[in-house]
Amino acid sequence: REKDKKYETWMPNFQMVKENKDQRKSSNDVERNIFKVKKSNAEKSKKMEKEEKFFRKTFMYDKEINVINTATAECSVPSKRRVDLPVTAGEQLDVIDVTEGNAVICRNSEGRYGYVLVEHLNFR
């Protein structure tokens with residue numbers, strides 16, 4: 001038996017450290033998070049398309065939607081009608097079109113459209 005042990009090749013036993021296992025798990029989680037972001041972007045674009053359809057139907061807007069200017073809301077204003085855009089103070093808005101009165105058509109970061117009074121906006 002001693003001769004058999006003598007000629008046996010010694011192989012080191014490599015064991016993984018717990019930290020490496022944790023790092024591997026976290027990298028898998030990161031990959032999964034990337035896919036979740038893509039999913040939410042797809043949902044967000046669907047919502048934006050839905051809002052644009054509603055805007056075109058409600059406002060009878062057949063022109064191409066171009067951003068004329070960007071503005072910041074000076075104060076928070078709740079919407080009184082469905083066509084008014086509820087605004088919070090400091091929110092960035094894209095000005096889409098100017099109307100005859102003292103209101104402009106704006107789009108917020110969520111993709112919703114509506115009228116906002118010029119007096120509530122601060123143009124840069």
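Residues numbered from 1 in each chain as written. Predicted model: local features only at pLDDT ≥ 70, side-chain atom pairs only at ≥ 80, totals over all residues. Heavy atoms only, no water.

What to know about the layout of surface pockets
To keep things clear, this is the line we draw: Of the grid points, spaced at 1 Å and generated over the protein atoms alone, those admitting a 1.4 Å probe that cannot get out make up cavities, while open sets with protein on both sides within 12 Å along at least five of seven lines make up pockets; any residue with an atom within 4 Å of a point is treated as lining. Grid points are joined across faces, edges and corners, and a volume is the space filled by probe spheres set on the points. What counts as a helix is a DSSP run of H or I of at least four residues, what counts as a strand is a run of E of at least two, and both are numbered from the N terminus. For this scheme, ten residues count as nonpolar: Ala, Val, Leu, Ile, Met, Phe, Trp, Tyr, Cys and Pro. Four count as charged, namely Asp, Glu, Lys and Arg, and the remainder, Gly too, count as polar.
Approximately 210 Å³ is the volume found for the largest pocket. Together, 13 residues line the largest pocket, and Val 77, Asp 84, Tyr 115, Leu 117 and His 120 are the ones closest to its centre. A per-element tally of the lining of the largest pocket places strand E4 (residues 113–117) first, with three residues. Split by residue class, the lining of the largest pocket holds eight nonpolar, two polar and three charged.

Side note on the environment of Gly 101
What counts is decided by this rule: Here's how the labels work: a residue is buried when its accessible area is under 20% of the maximum for its type, exposed when over 50%, partly exposed in between, all with a 1.4 Å probe on protein chains only.
Here Gly 101 is to be found in the loop between strand E2 (92–98) and strand E3 (103–107). Residue class for Gly 101 comes out exposed when judged on its relative accessible area of 55%. Here the alpha-carbon distance between Gly 101 and Leu 117, two residues 16 residues apart in the chain, equals 8.9 Å.

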